[in-house]
Amino acid sequence: MDAVEQAKSGHPGMPMGMADVATVLFTQFLRFDPQAPDWPDRDRFVLSAGHGSMLLYALLHLTGYPDMTLEELKRFRQLGGRTAGHPERGHASGIETTTGPLGQGLGNSVGMAIAERLLAAEFGETVVDHRTYVIASDGDLMEGISHEAASLAGHLGLNKLIVLYDDNSISIDGPTELAFSDDRVMRFRAYGWAAERIDGQDHQAVADAIRRSQQSDRPSLIACRTTIAFGAPTKAGTAAAHGAPLGASEIAGARERLGWNYPPFVVPDDVRAKWRAAGARGEPLRRAWETRLQSLPSERRDEFLRRQRNELPHGLDAAVTKLCDDFRKANAKVATRQASGAVLDTLTKVVPELVGGSADLTPSNNTKAKDQKDVRRGDFSGHYLRYGVREHGMAAAMNGIAVHRGLIPYGGTFLTFSDYARPSIRLAAFMGIGVIYVMTHDSIGLGEDGPTHQPVEHLAALRAMPELYVHRPADAVETAECWALALQRRDAPSLLALTRQALPLLRSEAGSENRSARGAYVLAEADGPRRVTLLATGSEVSIAMAAREALAADHIAAAVVSMPCWELFGQQPKAYRDAVLGTAPRVAVEAAVEFGWERWLGPRGAFIGMQGYGASAPGEALFPHFGITAERVAAAARSLL
Ligand SMILES: Cc1ncc(C[n+]2csc(CCOP(=O)(O)OP(=O)(O)O)c2C)c(N)n1
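Keep in mind that what you see is a predicted model, and the values were worked out from it rather than measured. (Residues numbered from 1 in each chain as written. Predicted model: local features only at pLDDT ≥ 70, side-chain atom pairs only at ≥ 80, totals over all residues. Heavy atoms only, no water.)

## Regarding helix α19 (residues 418–431)
To be explicit about the condition: Each helix is a run of H or I in the DSSP string that is no shorter than four residues. Each strand is a run of E no shorter than two, and both are numbered from the N terminus. The length a helix should cover is 1.5 Å for every residue beyond the first. Bend is computed residue by residue as the angle between axes fitted to the seven residues ending at the residue and the seven residues starting at it. For the exposure calls, accessible area comes from a 1.4 Å probe over protein chains only, and a residue counts as buried if that area is under 20% of its type's maximum, exposed if over 50%, partly exposed in between.
The end-to-end C-alpha separation of α19 is 18 Å, in line with the 20 Å expected for 14 residues at 1.5 Å each. In the structure, α19 departs most strongly from a straight axis at Ser424, where the bend amounts to approximately 40 degrees. Regarding α19, the residues found buried are Ser418, Ala421, Ser424, Ile425, Leu427, Ala428, Ala429 and Met431. Just past α19, the residue Gly432 takes up positive phi, approximately 75 degrees.

Here's what the structure looks like:
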């Protein structure tokens, strides 16, 4: 209340209404150690209702996280502070994930609970045995993603996931009955959860409900009836308390009603001592855990700790080099999605922390490696998740798996449905976590499924997202290289855009250099001084190669530049970029919209690609239909000379 007032902005209502629930959780149940915030076996706490950030900051301060000082609380929402408007992972310890876009935290929590079970199955419950607690609000449960997340959690029987739902009947527009009349308890029971409603301001009731949920064989929703801005004399129970400072008289009235006689930002010693004692509960638990970790065989312990450090195992580079050699030897025409499947058959053996999955497109995405076993309710020994047709839920769960640590999630869908996952992709990029998206059927080349399934603007939209690495490999060798880059990139998400249709092998030269690592490179230099440079990605690189030949027949020396990853190319020294792009006129070809290509085309450039949506027909018919052919590329080049 006081911090929001001082910041002149923020959300006082939820923290005041949920203070009782949070107090019971943090003082009696949550296992954490503020002195060792990254203790791997800590319980996870997710404030899915991220607008109530001050509740989390206050809890972190009171329980003794060293970096959450009183000064930080006073700097709520100010530049450079740890106490951002909505909790941002990395700003302060104890913030497990970034929340604010409603529903995302709930989606992340499902991934955290999955990660806990997977690691418990792998390393044993002596070292992995913790719960995931969530505070979620009406907004979280109104969002569509809450359905996907809860349905998946119920299906998998994630019984160590406990959601405390702030059932306060208020959202921004007013009473929730304006827009929300689901029976939330019945809804979650239908998902296969244990769900009950309690008085969220009765400490005993909250504690009893949490205890019951800890014994449950399924995930739990505890609908906590609360009053938003509890204690505020006129604004309590109203939307006015949701997202604006209460104002001086309301705050004075709340102090009186709550019997709180201290000035802002003063925590009396006895109160602080009690909170610190609650925060200190975790230290002996953490120490006991450390002893148990020591009892693991040293090889298992080293493996566990390697994963915690987010370090890749040895052997990845050698495996990728061998994959590339094998692809070259086979010299087969394969779809890059198929090459990706072959890459995964190898990499899942070398990188045991890989956890795959698909949003019900496994046979299309080629995401399941030969030796991967399905994860099932009650059996988490496998490393392959059947996410179901839940792209958004999948992407949010992948974020949760990644922030949990110990596993590297990858998940597949069609590129066109990246839109269904985009809010979570954005948070992965924003948080800087190394999740990997396998997005196949990456253009009109997918053919008969037609324009609903053919991405055209998606590459541009994804490339527009800061800190996301979009890879579009041109053949099997580039596919292996891009996979290696995605794995090596542990501090940002990567997306692989892969073809449905078969592509010729273009990278026949021997050598172990990962040429995709520079984002773009000269695949075929011009025979003689360059008169034109052809730029392409993915399936259109072979079209550019054919255009190069056609131009050569006319004695026009053309170079072909393959550009699998714009973001990486953009990071290269200018001299390298200039050398690759050259000074001759440029023609770019990509079966997508032009948006963004102006960055590479320069003043004398032409683009061959899509002007609008695709069409339903065989892929081979669509490329000529939309004019994405070697002849048109060559003609565009000639017209620039
Ligand atoms: C995806 C998304 N849409 C919209 C918002 C803006 N917003 C913030 S809180 C909120 C709803 C508030 O209602 P509730 O979740 O019940 O929170 P309470 O008012 O109880 O604090 C909305 C629409 C958001 N943060 N995320």
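So, next bit.
## Overview of the nonpolar core
Stated precisely, the cut-off is as follows: Each nonpolar core is a collection of buried residues, namely Ala, Val, Leu, Ile, Met, Phe, Trp, Tyr and Cys, held together in the definition by side-chain atoms within 4.5 Å. A contact between two residues is defined here by any heavy atoms of the two lying within 4.5 Å.
Judged by nonpolar contacts, the single largest core of 72 residues is most densely connected at Leu158, Leu161, Trp193, Tyr437, Leu468 and Leu495. Here this core gets 10 residues from one element, more than from any other, and that element is helix α6 (residues 104–123). With residues up to four places along the chain from it excluded, the contact list for Leu495 reads Leu415, Tyr437, Met439, Leu462, Leu468, Tyr469, Val470 and His471. Ala474, Ala558, Ala617 and Ala630 belong to the second largest nonpolar core, which has 50 residues in total.

## Considering the sheet that holds strand β16 (residues 521–524)
Where strands meet in a sheet, backbone hydrogen bonds hold them as pairs that are either parallel or antiparallel. Here is the rule we go by: Pairs of strands are assigned from DSSP output, requiring at least two bridges between the strands. Axis definition: a line fitted to C-alpha atoms, over the contacting stretch in the case of helices. Angles run 0 to 180 degrees between N-to-C directions.
With mixed pairing, five strands are arranged side by side in an open sheet as β16-β18-β17-β19-β20. Two strands lie at the open edges of the sheet, namely β16 and β20 (605–608), each paired on one side alone. Here the average twist between neighbouring strands, direction ignored, is 30 degrees.

## A few points about the site of the ligand
What counts here: In this text, near means that some heavy atom of the residue lies within 4 Å of the molecule or strand in question. Polar contacts here mean pairs of N or O atoms no more than 3.5 Å apart (in protein, one a potential hydrogen donor and the other a potential acceptor; neighbouring residues in sequence count only if both atoms are side-chain atoms).
Around the ligand, 15 residues are found, and the nearest of them are His51, Ser137, Gly139, Asn168 and His242. Here Asn168 contributes a side-chain N or O atom positioned 2.7 Å from an oxygen atom of the ligand. At 2.6 Å, a side-chain N or O of His242 approaches an oxygen atom of the ligand. Of all the elements in the fold, those that place two or more residues in the shell around the ligand are α7 (138–142) and β4 (170–171).

## Topic: the pairing of strand β18 (residues 558–562)
To keep things clear, this is the line we draw: Looking down the strands as they point away from you, a crossover is right-handed if its path from the first strand over the helix to the second goes clockwise.
With five of five residues buried, β18 is to be regarded as a mostly interior element. Where β16 lies against β18, three bridges are found, and the strand directions are antiparallel. In the sheet register, Val522 faces β18, and the bridge partner there is Val561. In this view, the connection linking strand β17 (residues 532–536) to its parallel neighbour β18 by way of helix α22 (residues 540–553) has right-handed handedness.

## Side note on the sheet that holds strand β6 (residues 194–199)
Pairing within the open sheet is parallel, and its five strands lie in the order β1-β2-β3-β7-β6. Each edge of the open sheet carries a strand with a single partner, namely β1 (44–47) and β6. Across the sheet, the mean angle separating the axes of adjacent strands is 20 degrees when strand polarity is ignored. Looking at chain direction, strand β2 (residues 132–137) and strand β3 (residues 161–167) are connected through six bridges and run parallel. Counterpart to Ile135 in the pairing with β3 is Leu164. Packed onto the sheet, helix α3 (residues 19–29) meets β1, β2, β3 and β7 (220–225) and runs at close to 175 degrees relative to β2. Packed on one face of the sheet, α6 meets β1, β2 and β3 and runs near 165 degrees to β2.

## Structural notes on the pattern of salt bridges
Quick reminder of the rule: Take a side-chain nitrogen of Lys or Arg and a carboxyl oxygen of Asp or Glu: if they are within 4 Å of each other, that pair is a salt bridge.
In total, this model carries 49 salt bridges according to the counting rule given. Across the pair Glu122 and Arg307 runs a salt bridge whose closest N-O atoms are separated by 2.4 Å. Of this pair, Glu122 sits in helix α6 while Arg307 sits in helix α14 (residues 298–308), and the two are 185 residues apart along the sequence. Given the relative accessible area of 25%, Glu122 is considered partly exposed. A salt bridge links Asp379 to Lys373, with the nearest nitrogen and oxygen atoms 4.0 Å apart. Taking relative accessible area as the criterion, Lys373 reaches 42% and is therefore assigned partly exposed.

## Describing the packing of aromatic side chains
Applied cut-off: A pair of aromatic rings is counted whenever rings of Phe, Tyr or Trp (Trp by its six-membered ring) have centres within 6.5 Å, and the orientation is called stacked for planes under 30 degrees apart, edge-to-face for over 60 and tilted otherwise.
The final tally for this structure, using the stated rule, is 17 aromatic pairs. Taken together, a centroid distance of 6.0 Å and an interplanar angle of 0 degrees make the contact between Phe32 and Tyr65 stacked. Within this pair, whereas Phe32 is found in the loop between α3 and β1, its partner Tyr65 is found in the loop between α4 (53–63) and α5 (70–74), the two being separated by 33 residues in sequence. There is no split in this pair, since Phe32 and Tyr65 are both buried. A centroid spacing of 5.0 Å and a plane angle of 90 degrees characterise the contact between Phe188 and Trp193, whose relative ring orientation is edge-to-face. You'll find Phe188 and Trp193 in the same group, each marked buried. An aromatic cluster of three or more residues is present, and its members are Trp566, Phe569, Tyr576, Trp597, Trp600 and Phe607.

## Looking at α14
Buried within α14 are the following residues: Arg301, Glu303, Phe304, Arg306, Arg307 and Gln308. Where α14 terminates, the next one or two residues include Asn310, which has phi positive at roughly 65 degrees.

## Quick notes on a nonpolar patch on the surface
Applicable threshold: Each patch is built from residues lacking any salt bridge and having more than 30% relative accessible area; the joining distance is 9 Å for like charges and 5 Å for nonpolar side chains (Val, Leu, Ile, Met, Phe, Trp, Tyr). Calculation of accessible area relied on Shrake-Rupley with a 1.4 Å probe; when residues are assessed, cover is drawn exclusively from the protein chains displayed.
Taken together, the side chains of Phe230, Leu258, Trp260, Tyr262 and Val266 present a nonpolar region at the surface, about 410 Å² in accessible area. Its place among the elements puts Trp260 in the loop between α11 (248–258) and α12 (269–280). Looking at Trp260, the relative accessible area reads 32%, which means it is partly exposed.

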